Amino acid sequence: MLAAEQAQLLADVDAFCEALRPHEELCYLEHRFNDQLIPLALKHNVLGLPVPKQYGGRGADAVTYARALARLGREGTGVRTFFSGHTSIGQYPIIRYGNDEQKQRYLPASVRGEKILAFGLTEPDAGSNPLEMTSTYRREGDEYVLNGVKYLISNGAICQAVIVLAYPEDKSGDDRRMSAFIVDTAGHTFEVEDLPAKLGMPTANTGMFQMNDHRIPATNLLGAEGNGFRIAMHTLISGRLSVAAGCLGVIEDILTEVLNYAKERSQHGKLIGKHQLVQEHIARIEIDRATSDAMVERAAIAKEASDNAHGDAELLAKADLAVAEAKYVASNAAWDAADRGVQVFGGRGWSSLYRVGRHLQDVRVCRIYEGTDEIIQLKIALALLGKEFAAFK
Ligand SMILES: Cc1cc2nc3c(=O)[nH]c(=O)nc-3n(C[C@H](O)[C@H](O)[C@H](O)COP(=O)(O)OP(=O)(O)OC[C@H]3O[C@@H](n4cnc5c(N)ncnc54)[C@H](O)[C@@H]3O)c2cc1C
(Lines give C-alpha, C1' and ligand atoms only; values in the text may rest on other atoms or scores of the structure.)
Protein backbone atom coordinates (compact mmCIF):
# COMPACT_ATOMS: atom_id res chain seq x y z
CA MET A 1 0.00 0.00 0.00
CA LEU A 2 1.33 3.46 -0.88
CA ALA A 3 2.19 5.78 2.03
CA ALA A 4 -0.38 8.33 0.85
CA GLU A 5 -3.11 5.68 0.66
CA GLN A 6 -2.20 4.43 4.10
CA ALA A 7 -2.34 7.95 5.54
CA GLN A 8 -5.75 8.55 3.92
CA LEU A 9 -7.12 5.26 5.21
CA LEU A 10 -5.97 5.95 8.76
CA ALA A 11 -7.38 9.49 8.54
CA ASP A 12 -10.73 8.07 7.44
CA VAL A 13 -10.71 5.59 10.32
CA ASP A 14 -9.89 8.43 12.69
CA ALA A 15 -12.74 10.58 11.33
CA PHE A 16 -15.11 7.62 11.65
CA CYS A 17 -14.04 7.09 15.27
CA GLU A 18 -14.59 10.75 16.13
CA ALA A 19 -18.03 10.74 14.57
CA LEU A 20 -18.93 7.47 16.27
CA ARG A 21 -17.83 8.35 19.81
CA PRO A 22 -20.88 10.34 21.01
CA HIS A 23 -23.24 7.64 19.71
CA GLU A 24 -21.13 4.91 21.27
CA GLU A 25 -21.12 6.67 24.66
CA LEU A 26 -24.90 7.08 24.62
CA CYS A 27 -25.59 3.53 23.44
CA TYR A 28 -23.23 2.16 26.07
CA LEU A 29 -25.08 3.95 28.85
CA GLU A 30 -28.42 2.86 27.40
CA HIS A 31 -27.10 -0.67 27.00
CA ARG A 32 -28.13 -1.07 23.38
CA PHE A 33 -26.62 -1.94 20.01
CA ASN A 34 -24.96 1.06 18.35
CA ASP A 35 -27.16 1.45 15.29
CA GLN A 36 -25.05 4.34 14.00
CA LEU A 37 -21.92 2.22 13.58
CA ILE A 38 -22.74 0.73 10.19
CA PRO A 39 -24.10 3.96 8.59
CA LEU A 40 -21.07 5.94 9.81
CA ALA A 41 -18.64 3.22 8.75
CA LEU A 42 -20.22 3.34 5.31
CA LYS A 43 -19.98 7.12 5.18
CA HIS A 44 -16.27 6.98 6.00
CA ASN A 45 -15.69 3.99 3.71
CA VAL A 46 -14.20 1.74 6.37
CA LEU A 47 -16.26 -1.43 5.90
CA GLY A 48 -13.71 -3.16 3.71
CA LEU A 49 -10.26 -2.03 4.80
CA PRO A 50 -8.24 -5.09 3.63
CA VAL A 51 -10.63 -6.01 0.79
CA PRO A 52 -8.78 -5.75 -2.55
CA LYS A 53 -9.65 -2.62 -4.51
CA GLN A 54 -11.04 -4.64 -7.42
CA TYR A 55 -13.81 -5.77 -5.06
CA GLY A 56 -14.52 -2.28 -3.77
CA GLY A 57 -12.26 -2.29 -0.69
CA ARG A 58 -9.31 -0.18 0.41
CA GLY A 59 -6.62 -2.81 -0.21
CA ALA A 60 -4.94 -2.39 3.19
CA ASP A 61 -1.95 -4.61 3.97
CA ALA A 62 -1.79 -6.41 7.33
CA VAL A 63 0.30 -3.70 9.01
CA THR A 64 -1.98 -0.86 7.91
CA TYR A 65 -5.07 -2.84 8.86
CA ALA A 66 -3.59 -3.60 12.31
CA ARG A 67 -2.99 0.11 12.88
CA ALA A 68 -6.55 0.84 11.85
CA LEU A 69 -7.82 -1.79 14.29
CA ALA A 70 -5.77 -0.24 17.07
CA ARG A 71 -7.45 3.09 16.36
CA LEU A 72 -10.86 1.39 16.35
CA GLY A 73 -9.97 -0.36 19.60
CA ARG A 74 -9.63 3.00 21.33
CA GLU A 75 -13.38 3.46 20.85
CA GLY A 76 -13.98 0.24 22.73
CA THR A 77 -13.69 -3.50 22.35
CA GLY A 78 -17.31 -3.67 21.15
CA VAL A 79 -16.58 -1.35 18.23
CA ARG A 80 -13.45 -3.24 17.26
CA THR A 81 -15.23 -6.59 17.65
CA PHE A 82 -17.78 -5.55 15.03
CA PHE A 83 -14.90 -5.05 12.58
CA SER A 84 -13.23 -8.29 13.61
CA GLY A 85 -16.46 -10.19 12.90
CA HIS A 86 -17.26 -8.41 9.66
CA THR A 87 -13.77 -8.08 8.25
CA SER A 88 -11.02 -10.06 10.02
CA ILE A 89 -12.98 -13.31 10.20
CA GLY A 90 -15.85 -12.51 7.81
CA GLN A 91 -14.38 -10.92 4.68
CA TYR A 92 -10.93 -12.42 5.22
CA PRO A 93 -11.75 -16.10 4.49
CA ILE A 94 -13.61 -15.01 1.34
CA ILE A 95 -10.62 -12.90 0.24
CA ARG A 96 -8.27 -15.75 0.93
CA TYR A 97 -10.27 -18.83 -0.10
CA GLY A 98 -13.18 -17.57 -2.21
CA ASN A 99 -13.27 -17.98 -5.98
CA ASP A 100 -13.78 -14.91 -8.15
CA GLU A 101 -17.53 -15.43 -8.46
CA GLN A 102 -17.91 -15.66 -4.67
CA LYS A 103 -15.75 -12.59 -4.18
CA GLN A 104 -17.87 -10.65 -6.70
CA ARG A 105 -21.06 -11.74 -4.98
CA TYR A 106 -20.05 -11.05 -1.40
CA LEU A 107 -17.15 -8.61 -1.07
CA PRO A 108 -18.53 -5.46 -2.79
CA ALA A 109 -21.89 -5.95 -1.03
CA SER A 110 -20.09 -6.31 2.31
CA VAL A 111 -18.09 -3.12 1.67
CA ARG A 112 -21.37 -1.30 0.89
CA GLY A 113 -22.83 -2.55 4.18
CA GLU A 114 -25.50 -4.56 2.37
CA LYS A 115 -24.06 -7.82 3.64
CA ILE A 116 -22.72 -7.69 7.19
CA LEU A 117 -20.61 -10.77 7.79
CA ALA A 118 -19.77 -13.10 10.64
CA PHE A 119 -17.84 -16.30 11.30
CA GLY A 120 -19.55 -19.30 12.87
CA LEU A 121 -17.20 -21.89 14.30
CA THR A 122 -18.16 -22.15 17.99
CA GLU A 123 -21.09 -24.29 19.13
CA PRO A 124 -22.64 -24.86 22.56
CA ASP A 125 -20.53 -28.02 23.01
CA ALA A 126 -17.51 -27.10 20.87
CA GLY A 127 -15.44 -24.06 21.87
CA SER A 128 -11.73 -24.57 22.48
CA ASN A 129 -11.96 -27.78 20.52
CA PRO A 130 -13.89 -26.99 17.34
CA LEU A 131 -13.35 -30.55 16.13
CA GLU A 132 -16.10 -31.51 18.58
CA MET A 133 -18.68 -29.54 16.62
CA THR A 134 -21.86 -31.28 15.48
CA SER A 135 -23.19 -29.03 12.69
CA THR A 136 -23.67 -30.98 9.49
CA TYR A 137 -24.24 -30.57 5.78
CA ARG A 138 -25.44 -32.79 2.96
CA ARG A 139 -25.51 -32.28 -0.76
CA GLU A 140 -28.89 -32.33 -2.54
CA GLY A 141 -28.63 -31.54 -6.24
CA ASP A 142 -27.34 -28.00 -6.66
CA GLU A 143 -27.66 -27.22 -2.98
CA TYR A 144 -26.14 -27.93 0.39
CA VAL A 145 -28.48 -28.46 3.31
CA LEU A 146 -27.14 -27.35 6.68
CA ASN A 147 -28.19 -28.24 10.21
CA GLY A 148 -26.80 -27.21 13.58
CA VAL A 149 -26.40 -24.48 16.17
CA LYS A 150 -23.63 -21.88 16.31
CA TYR A 151 -23.17 -20.07 19.59
CA LEU A 152 -21.47 -16.85 20.77
CA ILE A 153 -21.02 -15.44 17.29
CA SER A 154 -19.94 -11.81 16.89
CA ASN A 155 -22.49 -10.07 14.61
CA GLY A 156 -24.36 -13.40 14.74
CA ALA A 157 -27.82 -11.88 15.02
CA ILE A 158 -27.25 -8.95 12.63
CA CYS A 159 -25.34 -10.55 9.76
CA GLN A 160 -26.70 -11.18 6.29
CA ALA A 161 -24.10 -13.86 5.58
CA VAL A 162 -21.88 -15.99 7.78
CA ILE A 163 -18.99 -18.36 7.22
CA VAL A 164 -20.15 -21.67 8.67
CA LEU A 165 -18.07 -24.74 9.43
CA ALA A 166 -19.85 -28.10 9.30
CA TYR A 167 -19.19 -31.83 8.94
CA PRO A 168 -20.61 -34.04 6.17
CA GLU A 169 -23.73 -35.79 7.46
CA ASP A 170 -22.94 -39.19 6.00
CA LYS A 171 -19.26 -39.58 6.94
CA SER A 172 -17.53 -40.80 10.06
CA GLY A 173 -14.04 -41.48 11.36
CA ASP A 174 -11.08 -40.19 9.37
CA ASP A 175 -13.33 -39.46 6.36
CA ARG A 176 -15.21 -36.88 8.38
CA ARG A 177 -13.55 -33.59 7.57
CA MET A 178 -15.27 -30.25 8.02
CA SER A 179 -16.02 -27.87 5.17
CA ALA A 180 -16.59 -24.12 5.11
CA PHE A 181 -19.63 -22.46 3.53
CA ILE A 182 -20.80 -18.94 2.88
CA VAL A 183 -24.30 -19.01 4.28
CA ASP A 184 -26.94 -16.37 3.59
CA THR A 185 -28.99 -15.90 6.72
CA ALA A 186 -32.35 -14.97 5.19
CA GLY A 187 -35.26 -17.39 5.50
CA HIS A 188 -37.24 -19.19 8.19
CA THR A 189 -34.78 -22.13 8.25
CA PHE A 190 -32.15 -19.84 9.76
CA GLU A 191 -33.22 -18.72 13.25
CA VAL A 192 -31.18 -16.12 15.13
CA GLU A 193 -31.14 -15.10 18.75
CA ASP A 194 -29.40 -12.19 20.40
CA LEU A 195 -27.28 -12.99 23.48
CA PRO A 196 -27.56 -9.82 25.57
CA ALA A 197 -26.60 -11.22 28.99
CA LYS A 198 -22.95 -10.26 28.57
CA LEU A 199 -20.51 -8.74 31.07
CA GLY A 200 -19.52 -6.08 28.55
CA MET A 201 -19.72 -4.88 24.93
CA PRO A 202 -23.42 -3.92 25.18
CA THR A 203 -23.17 -1.87 21.98
CA ALA A 204 -21.96 -4.82 19.89
CA ASN A 205 -23.96 -7.82 18.76
CA THR A 206 -23.22 -11.30 20.02
CA GLY A 207 -25.67 -13.88 18.80
CA MET A 208 -26.43 -17.50 18.15
CA PHE A 209 -28.25 -19.16 15.29
CA GLN A 210 -29.80 -22.44 14.42
CA MET A 211 -29.91 -23.92 10.92
CA ASN A 212 -32.84 -26.28 10.30
CA ASP A 213 -32.40 -27.90 6.90
CA HIS A 214 -31.10 -24.53 5.73
CA ARG A 215 -30.45 -24.61 1.97
CA ILE A 216 -27.64 -22.75 0.23
CA PRO A 217 -26.45 -22.96 -3.38
CA ALA A 218 -23.69 -25.50 -3.96
CA THR A 219 -21.62 -22.61 -5.31
CA ASN A 220 -21.32 -21.35 -1.72
CA LEU A 221 -18.86 -24.01 -0.66
CA LEU A 222 -15.79 -22.00 0.40
CA GLY A 223 -12.49 -23.54 -0.68
CA ALA A 224 -12.21 -27.26 -1.30
CA GLU A 225 -14.59 -29.69 0.37
CA GLY A 226 -12.95 -31.06 3.52
CA ASN A 227 -10.64 -28.07 3.86
CA GLY A 228 -12.74 -26.30 6.48
CA PHE A 229 -10.50 -26.83 9.49
CA ARG A 230 -7.54 -25.36 7.66
CA ILE A 231 -9.64 -22.38 6.55
CA ALA A 232 -10.87 -21.89 10.11
CA MET A 233 -7.35 -22.01 11.56
CA HIS A 234 -6.05 -19.49 9.00
CA THR A 235 -9.02 -17.26 9.67
CA LEU A 236 -8.26 -17.35 13.39
CA ILE A 237 -4.78 -15.97 12.71
CA SER A 238 -6.46 -12.94 11.16
CA GLY A 239 -8.96 -12.76 14.02
CA ARG A 240 -6.30 -13.01 16.71
CA LEU A 241 -4.26 -10.23 15.18
CA SER A 242 -7.38 -8.07 15.19
CA VAL A 243 -7.90 -8.78 18.89
CA ALA A 244 -4.27 -7.95 19.68
CA ALA A 245 -4.39 -4.70 17.70
CA GLY A 246 -7.71 -3.75 19.30
CA CYS A 247 -6.23 -4.34 22.76
CA LEU A 248 -3.37 -2.01 21.89
CA GLY A 249 -5.96 0.66 21.12
CA VAL A 250 -7.71 0.01 24.42
CA ILE A 251 -4.43 0.57 26.29
CA GLU A 252 -3.73 3.76 24.31
CA ASP A 253 -7.13 5.14 25.24
CA ILE A 254 -6.74 4.20 28.89
CA LEU A 255 -3.35 5.91 28.99
CA THR A 256 -4.82 9.11 27.53
CA GLU A 257 -7.65 9.07 30.06
CA VAL A 258 -5.35 8.34 33.00
CA LEU A 259 -2.85 11.05 32.09
CA ASN A 260 -5.62 13.64 31.81
CA TYR A 261 -7.22 12.59 35.07
CA ALA A 262 -3.92 12.47 36.96
CA LYS A 263 -3.28 16.07 35.93
CA GLU A 264 -6.66 17.41 37.04
CA ARG A 265 -7.68 15.46 40.16
CA SER A 266 -6.17 16.61 43.46
CA GLN A 267 -6.05 14.77 46.78
CA HIS A 268 -3.91 15.41 49.86
CA GLY A 269 -3.18 18.89 48.59
CA LYS A 270 -1.66 17.95 45.27
CA LEU A 271 -2.52 16.53 41.89
CA ILE A 272 -2.79 12.75 42.10
CA GLY A 273 -0.27 12.50 39.25
CA LYS A 274 2.31 13.72 41.77
CA HIS A 275 1.74 10.74 44.07
CA GLN A 276 4.43 8.16 43.39
CA LEU A 277 2.08 5.17 43.64
CA VAL A 278 -0.19 6.71 41.00
CA GLN A 279 2.90 7.19 38.86
CA GLU A 280 3.61 3.49 39.20
CA HIS A 281 0.23 2.74 37.58
CA ILE A 282 0.95 5.22 34.82
CA ALA A 283 4.38 3.71 34.16
CA ARG A 284 2.96 0.19 34.05
CA ILE A 285 0.20 1.20 31.63
CA GLU A 286 2.83 2.79 29.39
CA ILE A 287 4.88 -0.43 29.55
CA ASP A 288 1.71 -2.38 28.63
CA ARG A 289 1.25 -0.04 25.69
CA ALA A 290 4.84 -0.16 24.45
CA THR A 291 5.06 -3.94 24.77
CA SER A 292 1.76 -4.50 22.98
CA ASP A 293 2.66 -2.01 20.27
CA ALA A 294 5.90 -3.85 19.51
CA MET A 295 4.25 -7.27 19.58
CA VAL A 296 1.36 -6.22 17.33
CA GLU A 297 3.67 -4.59 14.78
CA ARG A 298 5.93 -7.66 14.73
CA ALA A 299 2.94 -9.97 14.31
CA ALA A 300 1.42 -7.82 11.55
CA ILE A 301 4.73 -7.83 9.66
CA ALA A 302 4.90 -11.63 9.97
CA LYS A 303 1.30 -11.96 8.76
CA GLU A 304 1.95 -9.62 5.86
CA ALA A 305 4.95 -11.75 4.80
CA SER A 306 2.80 -14.88 5.01
CA ASP A 307 -0.11 -13.27 3.11
CA ASN A 308 2.31 -12.38 0.31
CA ALA A 309 3.68 -15.91 0.04
CA HIS A 310 0.68 -18.23 -0.36
CA GLY A 311 1.61 -21.82 0.38
CA ASP A 312 4.84 -21.01 2.25
CA ALA A 313 4.37 -23.21 5.33
CA GLU A 314 7.33 -21.75 7.19
CA LEU A 315 6.12 -18.15 6.89
CA LEU A 316 2.62 -19.23 7.86
CA ALA A 317 3.94 -20.97 10.99
CA LYS A 318 5.96 -17.87 11.89
CA ALA A 319 2.93 -15.64 11.46
CA ASP A 320 0.75 -18.04 13.46
CA LEU A 321 3.22 -17.99 16.36
CA ALA A 322 3.88 -14.24 16.30
CA VAL A 323 0.15 -13.50 16.19
CA ALA A 324 -0.60 -15.93 19.04
CA GLU A 325 2.13 -14.28 21.15
CA ALA A 326 0.83 -10.80 20.34
CA LYS A 327 -2.73 -11.82 21.20
CA TYR A 328 -1.68 -13.25 24.54
CA VAL A 329 0.51 -10.30 25.50
CA ALA A 330 -1.82 -7.52 24.30
CA SER A 331 -5.02 -8.99 25.77
CA ASN A 332 -3.40 -9.51 29.17
CA ALA A 333 -1.69 -6.12 29.01
CA ALA A 334 -5.03 -4.47 28.19
CA TRP A 335 -6.69 -6.20 31.14
CA ASP A 336 -3.87 -4.99 33.40
CA ALA A 337 -4.08 -1.46 31.97
CA ALA A 338 -7.86 -1.37 32.44
CA ASP A 339 -7.51 -2.52 36.04
CA ARG A 340 -4.90 0.16 36.73
CA GLY A 341 -6.96 2.77 34.89
CA VAL A 342 -9.94 2.04 37.12
CA GLN A 343 -7.67 2.26 40.18
CA VAL A 344 -6.33 5.68 39.19
CA PHE A 345 -9.87 6.97 38.68
CA GLY A 346 -10.85 5.72 42.14
CA GLY A 347 -14.61 5.49 42.75
CA ARG A 348 -15.37 7.12 39.41
CA GLY A 349 -13.37 4.40 37.71
CA TRP A 350 -15.79 1.76 38.91
CA SER A 351 -18.53 3.18 36.77
CA SER A 352 -19.66 2.83 33.21
CA LEU A 353 -19.86 6.63 33.03
CA TYR A 354 -16.08 6.70 32.51
CA ARG A 355 -14.10 5.19 29.67
CA VAL A 356 -11.69 3.25 31.89
CA GLY A 357 -14.54 1.36 33.58
CA ARG A 358 -16.12 0.53 30.24
CA HIS A 359 -12.79 -0.76 28.92
CA LEU A 360 -12.47 -2.98 31.99
CA GLN A 361 -15.89 -4.51 31.38
CA ASP A 362 -15.33 -5.00 27.67
CA VAL A 363 -11.71 -6.05 27.28
CA ARG A 364 -11.87 -9.12 29.53
CA VAL A 365 -13.37 -11.14 26.71
CA CYS A 366 -10.18 -10.70 24.68
CA ARG A 367 -8.54 -13.31 26.92
CA ILE A 368 -11.31 -15.73 25.93
CA TYR A 369 -12.38 -15.39 22.30
CA GLU A 370 -10.24 -16.31 19.30
CA GLY A 371 -8.42 -18.76 21.58
CA THR A 372 -8.43 -18.60 25.38
CA ASP A 373 -5.27 -17.72 27.31
CA GLU A 374 -4.84 -21.43 28.02
CA ILE A 375 -5.20 -22.55 24.42
CA ILE A 376 -2.89 -19.81 23.15
CA GLN A 377 -0.19 -20.87 25.62
CA LEU A 378 -0.56 -24.52 24.58
CA LYS A 379 -0.29 -23.42 20.98
CA ILE A 380 2.90 -21.43 21.64
CA ALA A 381 4.49 -24.33 23.52
CA LEU A 382 3.46 -26.72 20.72
CA ALA A 383 5.21 -24.54 18.15
CA LEU A 384 8.43 -24.80 20.17
CA LEU A 385 8.22 -28.45 21.23
CA GLY A 386 6.84 -30.03 18.08
CA LYS A 387 3.61 -31.81 17.15
CA GLU A 388 4.29 -34.94 19.19
CA PHE A 389 3.93 -32.77 22.34
CA ALA A 390 0.46 -31.45 21.41
CA ALA A 391 -1.33 -31.10 24.73
CA PHE A 392 -4.73 -30.76 23.07
CA LYS A 393 -4.74 -34.42 22.06
C1 LIG B 1 -18.27 -12.10 23.06
C2 LIG B 1 -17.83 -13.33 22.33
C3 LIG B 1 -17.74 -13.29 20.95
C4 LIG B 1 -17.37 -14.45 20.24
N5 LIG B 1 -17.33 -14.41 18.87
C6 LIG B 1 -17.15 -15.57 18.19
C7 LIG B 1 -17.27 -15.60 16.77
O8 LIG B 1 -17.48 -14.56 16.12
N9 LIG B 1 -17.16 -16.79 16.13
C10 LIG B 1 -16.92 -17.96 16.81
O11 LIG B 1 -16.86 -19.01 16.17
N12 LIG B 1 -16.78 -17.96 18.16
C13 LIG B 1 -16.90 -16.81 18.86
N14 LIG B 1 -16.79 -16.79 20.24
C15 LIG B 1 -16.53 -18.06 20.93
C16 LIG B 1 -15.15 -18.12 21.55
O17 LIG B 1 -14.17 -18.27 20.56
C18 LIG B 1 -15.15 -19.26 22.59
O19 LIG B 1 -15.92 -18.81 23.68
C20 LIG B 1 -13.75 -19.66 23.03
O21 LIG B 1 -13.05 -20.27 21.98
C22 LIG B 1 -13.78 -20.61 24.23
O23 LIG B 1 -14.67 -21.64 24.02
P24 LIG B 1 -15.75 -21.98 25.17
O25 LIG B 1 -16.41 -20.70 25.54
O26 LIG B 1 -16.61 -23.07 24.66
O27 LIG B 1 -14.91 -22.45 26.40
P28 LIG B 1 -14.36 -23.94 26.66
O29 LIG B 1 -13.68 -24.44 25.43
O30 LIG B 1 -15.45 -24.77 27.21
O31 LIG B 1 -13.25 -23.68 27.75
C32 LIG B 1 -13.57 -23.53 29.15
C33 LIG B 1 -12.24 -23.39 29.90
O34 LIG B 1 -11.49 -24.61 29.73
C35 LIG B 1 -10.20 -24.29 29.21
N36 LIG B 1 -9.74 -25.37 28.33
C37 LIG B 1 -10.41 -25.96 27.32
N38 LIG B 1 -9.64 -26.90 26.74
C39 LIG B 1 -8.45 -26.87 27.38
C40 LIG B 1 -7.23 -27.58 27.25
N41 LIG B 1 -7.05 -28.50 26.30
N42 LIG B 1 -6.23 -27.29 28.11
C43 LIG B 1 -6.38 -26.34 29.05
N44 LIG B 1 -7.49 -25.63 29.23
C45 LIG B 1 -8.52 -25.89 28.40
C46 LIG B 1 -10.40 -22.98 28.45
O47 LIG B 1 -9.18 -22.30 28.26
C48 LIG B 1 -11.36 -22.27 29.36
O49 LIG B 1 -10.66 -21.67 30.40
C50 LIG B 1 -17.08 -15.64 20.96
C51 LIG B 1 -17.13 -15.65 22.35
C52 LIG B 1 -17.50 -14.51 23.04
C53 LIG B 1 -17.58 -14.58 24.55
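Residues numbered from 1 in each chain as written. Predicted model: local features only at pLDDT ≥ 70, side-chain atom pairs only at ≥ 80, totals over all residues.

Here the focus is the site of the ligand. Residues in contact with the ligand amount to 21 residues; listed here are only the nearest, Leu 121, Gly 127, Ser 128, Thr 372 and Glu 374. Residues of the shell around the ligand, tallied by class, amount to 11 nonpolar, 8 polar and 2 charged. Of the domains in this structure, domain 2 (119-222) and domain 3 (228-389) are the two that each give at least three residues to the shell around the ligand. (Near = placed C-beta within 6 Å. Nonpolar A, V, L, I, M, F, W, Y, C, P; charged D, E, K, R; others polar. Domains from an automatic or database assignment.)

Below, the discussion takes up the environment of Ala 383. Positionally, Ala 383 belongs in helix α10 (residues 373-385). Since 16 C-beta atoms lie within 10 Å of it, Ala 383 is described here as partly exposed. Residues Ala 383 and Ala 319, spaced 64 residues apart in sequence, show a C-alpha to C-alpha distance of 11 Å. Setting aside anything within four residues of it in sequence, one finds Ala 383 in contact with Ala 317 and Leu 321. (Helix = DSSP H or I, 4+ residues; strand = E, 2+ residues; numbered from the N terminus. Buried ≥ 20, exposed ≤ 12 C-beta atoms within 10 Å, placed from the backbone. Contact = placed C-beta atoms within 7 Å.)

If you look at the biggest cluster of nonpolar residues, it comprises 110 residues, and the most contacted ones within it are Phe 181, Ala 244, Cys 247, Val 296 and Ala 334. Apart from the residues within four sequence positions on either side, Cys 247 is in contact with Gly 73, Ser 292, Ala 330, Ser 331, Ala 333, Ala 334, Val 363 and Cys 366. (Core = buried A, V, L, I, M, F, W, Y, C linked by C-beta atoms within 7 Å.)

Let's shift gears to the domain arrangement of the protein chain. What the domain assignment reports for the protein chain is domain 1 (3-116), domain 2 (119-222) and domain 3 (228-389). Measuring from the centre of the C-alpha atoms in domain 1 to the corresponding centre in domain 2 gives 23 Å. For the side of domain 1 that touches domain 2, the secondary structure elements donating two or more residues are α1 (3-30), α4 (77-97) and α5 (100-111). Considering every element that reaches the side of domain 1 that touches domain 2, the biggest residue donor is α4, with 12 residues. In terms of residue class, the side of domain 1 that touches domain 2 is built from 10 nonpolar, 11 polar and 4 charged.

Counting buried positions along strand β5 (residues 179-184) yields 5 of 6 residues, so the element is predominantly enclosed. One ladder, built from 6 bridges, connects strand β4 (residues 161-168) with β5; its direction is antiparallel. The partner of Leu 165 across the bridge, within β5, is Ala 180. Bridge count for β5 against strand β8 (residues 221-222) is 2 bridges, and the pairing is antiparallel. When the sheet's bridge partners are listed, Phe 181 is paired in β8 with Leu 221. (Pairing = 2+ DSSP bridges.)

Looking now at the packing of helix α6 (residues 228-264) against helix α7 (residues 276-307). Packed helices, taken two at a time, are described by the angle their axes make and the gap between the axes. For the pair α6 and α7, interaxial distance at closest approach is 9 Å and the crossing angle is 155 degrees. Classified by the angle their axes make, α6 and α7 are roughly antiparallel. Judged by the twist between their axes, the crossing of α6 over α7 is left-handed. Its residues assigned to classes, the contact of α6 with α7 comprises 19 nonpolar, 1 polar and 6 charged. (Axes fitted to C-alpha atoms, helices over the stretch in contact; angles between N-to-C directions. Parallel < 35°, antiparallel > 145°, perpendicular 65-115°, else oblique. Left-handed = near helix turned anticlockwise from the far one by under 90°.)

With that out of the way, let us pick up the packing of helix α8 (residues 313-345) against helix α9 (residues 355-363). Here α8 crosses α9 at 150 degrees, and the two axes come no closer than 8 Å. On the basis of their axis angle, the class for α8 and α9 is roughly antiparallel. Along this stretch, α8 crosses α9, giving a crossing that reads as left-handed. Here Ala 334, Trp 335, Ala 338, Asp 339, Gly 341, Val 342 and Phe 345 of α8 come into contact with α9, specifically with Val 356, Gly 357, His 359, Leu 360 and Val 363. Across the contact of α8 with α9, the residue classes break down as 8 nonpolar, 3 polar and 1 charged.

Our focus in this paragraph is the environment of Gly 56. With respect to the element layout, Gly 56 can be found in the loop between α2 (37-43) and α3 (62-74). Judged by local crowding, Gly 56 falls into the partly exposed class, with 17 C-beta atoms found within 10 Å. Between the alpha carbons of Gly 56 and Gln 104 there is a distance of 9.5 Å; along the sequence they are 48 residues apart. Excluding anything up to four places from it in sequence, Gly 56 contacts Gly 48, Val 51, Leu 107, Pro 108 and Val 111.

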